[in-house]
Amino acid sequence: MTARVLMVQGCTSDAGKSTLVAALCRWARRRTVRVAPFKPQNMALNSAVTVDGGEIGRAQAVQAQACGLEPLIDFNPVLLKPSSDIGAQVIVHGRPVANMDARHYHDYKRIALDAVMASHSRLVAAYDAVIVEGAGSPAEINLRDRDIANMGYAEAVDCPVILVADIDRGGVFAHLVGTLALLSDSERARVAGFVINRFRGDISLLQSGLDWLERETGKPVLGVLPYLHGLHLEAEDALPRDRRDKSGVLLRVAVPALPRISNHTDFDALRAHPQVDVHIVAPGEAPPPCDLIVLPGSKATRADLAWLRTQGWDVALAKHLRYGGKVIGICGGLQMLGRAVHDPQGIEGEPGSSEGLGWLDIETTLESHKHLRRAHGRLAFADASVQGYEIHCGVSSGEGLLTPFADLHDGRSDGIRSADGQILGSYLHGLFDDPQALHALLEWAGLRDAATVDIHALREESIDRLADAVEAHLDTATLERWLGITACVP
């Protein structure tokens with residue numbers, strides 16, 4: 001037997017596809033279904049290192065968690081990591097194959113489809129059900145040719161599609177009806193029902209619209225999901241929309257919103273902490289007074305380093321450190337804090353070198369080989385565990401590495417500490433996710449008696465809330481029929 005396949009597509013980006021797939025995965029798992037997530041093609045700078053040593057989108061790692069699985073490369077066989085407005089690094093089955101502009105990638109899709117179908121075949125042979133996430137919208141007319149992310153995949157594997165729309169954006173009926181109108185006849189027939197996401201208010205006031213939608217389209221509304229506040233889920237790509245309202249904030253953190261910021265999910269544990277205020281500083285916004293500045297990862301380190309200078313962050317960092325503030329650099333942020341970043345092979349663009357910010361005694365050279373590792377160990381300056389994952393092409397060298405950030409269990413050391421103790425640098429993404437490391441780093445930054453926050457547990461609670469919402473608000477009998485579930489286990 002092969003797995004039942006159900007696909008979730010959205011009327012827009014950020015309509016709720018990732019969260020609905022995670023919700024359906026946890027809901028199916030509760031019914032003892034061996035379920036796996038799948039996203040044929042993803043475009044995101046937030047990525048995860050898989051248990052089989054590759055790289056996939058972080059949303060699929062969250063969905064794997066919802067299934068009770070370790071992330072695998074087959075869950076996201078094609079990942080595009082934008083490096084400019086017109087180009088991206090193309091990652092297939094967890095490994096980079098080339099940097100391509102949009103036109104070259106369009107031609108490459110024939111090859112990418114082979115990778116997608118190979119992963120699909122392995123998953124449907126290994127699991128009872130596969131819940132698939134589309135990308136963007138299926139109604140992008142200019143992308144219909146050679147599509148592998150939405151209806152092109154659904155047609156190839158002959159699976160039903162749920163179309164989800166975000167009512168919080170407004171225009172939900174236009175989104176749904178308009179999307180259907182732009183599909184081909186066979187694609188339109190494949191849409192088995194609608195889900196309306198992020199509703200708040202009196203549901204009875206929406207009912208007349210739902211009745212009209214069903215009459216107009218002949219498609220059922222499978223349910224209306226409420227707006228769930230306070231979810232702690234890793235974003236697929238978009239930066240957080242707003243800052244969390246908090247009372248009793250004791251530590252202020254500023255993070256520059258680099259144009260090519262990568263893995264900003266590194267800050268989720270900080271954002272969830274009740275005593276910490278994280279300010280993602282937008283372009284054109286002056287760097288604010290704070291206790292800690294964190295320079296994030298970057299897909300274009302030299303370009304983002306130049307951007308930091310145009311935004312005045314070099315001056316702000318100097319002032320911040322002069323008055324005793326603390327700084328952490330993660331991956332690309334670590335590299336920027338050194339003396340120089342060299343790119344002799346043109347990994348990120350034109351070959352050349354860039355002068356670093358000069359606060360750490362290291363230089364970094366970008367190489368073609370990408371380091372993809374999960375790592376765990378102990379902080380070198382505190383009695384605390386730390387874990388995370390490495391995704392980088394840069395190799396750093398210099399005397400500063402003699403005072404590392406962490407000692408890893410595989411015998412390597414990671415990162416750097418400045419001689420005065422004000423600056424830390426690490427190649428570990430997710431370094432705040434370990435509760436011990438988070439507590440130690442907050443104490444180092446000046447927060448005494450910090451509350452304990454376990455972001456993994458918070459994500460588990462959020463996934464369970466999503467599954468509860470599916471149970472309470474969606475047509476689960478229809479979902480069970482589609483997925484071949486015959487015995488329901490609460």
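Note that the structure is a prediction, hence the values are computed from the model and not measured.

Engineer: Which residues make up the overall build of the protein, and what values do they have?
Structural biologist: Along the backbone of the protein there are 14 helices and 26 strands. On the principal axes, the C-alpha backbone points of the protein span a range of 70 × 50 × 40 Å. Buried residues in the protein amount to 57% of all 490 residues. In the protein, 73% of the contacts between residues at least 6 apart in sequence involve partners at least 24 apart. Carbon and sulfur atoms form 51% of the exposed surface of the protein, whose accessible area is close to 19,600 Å². For the protein, the centre of its 48 positive side-chain charges and the centre of its 62 negative side-chain charges are spaced 1 Å apart.

Engineer: If you had to explain the environment of arginine 448 to someone new, which residues and values would you point to?
Structural biologist: Within the element layout of this structure, arginine 448 appears in the loop between α12 (435-445) and α13 (455-473). Between the alpha carbons of arginine 448 and leucine 251 there is a distance of 9.7 Å; along the sequence they are 197 residues apart. In terms of polar contacts, arginine 448 uses its side chain to reach the backbone carbonyl oxygen of glutamate 443, at 2.7 Å.

Engineer: Can you break down the packing of helix α1 (residues 17-30) against α13 residue by residue, with the values?
Structural biologist: Two elements in contact, α1 and α13, have axes whose closest approach is 8 Å; the angle formed by their N-to-C orientations is 80°. Judged by the angle between their axes, α1 and α13 are roughly perpendicular. Contacts between α1 and α13 involve Thr19, Ala22, Ala23, Leu24, Arg26, Trp27 and Arg30 on the former and, on the latter, Glu460, Ile463, Asp464, Leu466, Ala467, Asp468, Val470 and Glu471. In terms of residue class, the contact of α1 with α13 is made up of eight nonpolar, one polar and six charged.

Engineer: Describe the environment of tryptophan 313, and please don't skip the residues or the numbers.
Structural biologist: Inspection of the secondary structure assignment puts tryptophan 313 in helix α10 (residues 313-322). Overall, the relative accessible area of 2% leaves tryptophan 313 in the buried class. Note: C-alpha distance between tryptophan 313 and proline 256 (57 residues apart in sequence) is 8.3 Å. Apart from residues no more than four positions distant in its own chain, tryptophan 313 is found in contact with Ala254, Pro256, Val281, Pro287, Ile293, Trp307 and Leu308.

Engineer: How would you summarise the sheet that holds strand β15 (residues 276-281) if you had to cite specific residues and measurements?
Structural biologist: If you trace the six strands from one edge of the open sheet to the other, you get β15-β13-β16-β18-β26-β25, paired in mixed fashion. Of all the strands in the sheet, just β15 and β25 (416-417) have a single pairing partner and so form its edges. Relative to strand β16 (residues 292-295), strand β13 (residues 251-256) runs parallel, the two sharing two bridges. Among the inter-strand pairings, alanine 254 is bridged to a residue of β16, identified as isoleucine 293. Most of the contacts of α12 go to strand β18 (residues 326-330), to which it runs at about 140°, and overall it touches β13, β15, β16, β18 and β26 (423-426).

Engineer: How would you sum up the nonpolar core? Please name residues and give values.
Structural biologist: Considering soluble globular proteins, one finds that nonpolar side chains tend to be buried as a cluster. Residues Val253, Ile328 and Phe432 are the most contacted members of the largest nonpolar core, which totals 62 residues. The biggest single contributor to this core is α12, with seven residues. When residues no more than four places from it in sequence are discounted, the contact partners of phenylalanine 432 are Asp266, Phe267, Ala269, Leu270, Ile328, Ile330, Leu438 and Leu441. If you look at the next biggest cluster of nonpolar residues, it comprises 48 residues, including Val5, Val161, Leu210 and Leu213.

Engineer: Can you lay out the environment of alanine 61 for me, pointing to particular residues and giving the numbers?
Structural biologist: Residue position: alanine 61 is located in helix α2 (residues 58-67). With 366 residues separating them along the chain, alanine 61 and tyrosine 427 place their C-alpha atoms 20 Å apart. In contact with alanine 61, other than residues within four places in its own chain, are Ala48, Ile56 and Pro71.

Engineer: With reference to specific residues and values, describe the sheet that holds strand β7 (residues 87-92).
Structural biologist: Reading across from one edge, β3-β6-β7-β8 is the order of the four strands in this open sheet, with mixed pairing throughout. Because the sheet does not close on itself, it has two edges, and the strands there are β3 (41-43) and β8 (95-101). Looking at each pair of strands side by side, their axes are set apart by 25° on average, direction ignored. Bridge analysis of β7 against β8 gives six bridges, and the strand direction is antiparallel. Counted as the bridge partner of alanine 88 is methionine 100 from β8. Set on the sheet, helix α3 (residues 102-126) makes contact with β3, β6 (78-82), β7 and β8; between it and β8 the angle comes to about 150°.

Reading guide: rules and limits
Residues numbered from 1 in each chain as written. Predicted model: local features only at pLDDT ≥ 70, side-chain atom pairs only at ≥ 80, totals over all residues. Heavy atoms only, no water. Helix = DSSP H or I, 4+ residues; strand = E, 2+ residues; numbered from the N terminus. Buried < 20%, exposed > 50% of the residue type's maximum accessible area, 1.4 Å probe, protein only. Contact = heavy atoms within 4.5 Å. Areas by Shrake-Rupley, 256 points an atom, 1.4 Å probe, with all protein chains shown as cover. Lys, Arg positive; Asp, Glu negative; His and termini not counted. Charge placed at Lys NZ, Arg CZ, Asp CG, Glu CD. Polar contact = N/O pair within 3.5 Å; in protein donor to acceptor, adjacent residues only side chain to side chain. Axes fitted to C-alpha atoms, helices over the stretch in contact; angles between N-to-C directions. Parallel < 35°, antiparallel > 145°, perpendicular 65-115°, else oblique. Nonpolar A, V, L, I, M, F, W, Y, C, P; charged D, E, K, R; others polar. Pairing = 2+ DSSP bridges. Core = buried A, V, L, I, M, F, W, Y, C linked by side-chain atoms within 4.5 Å.

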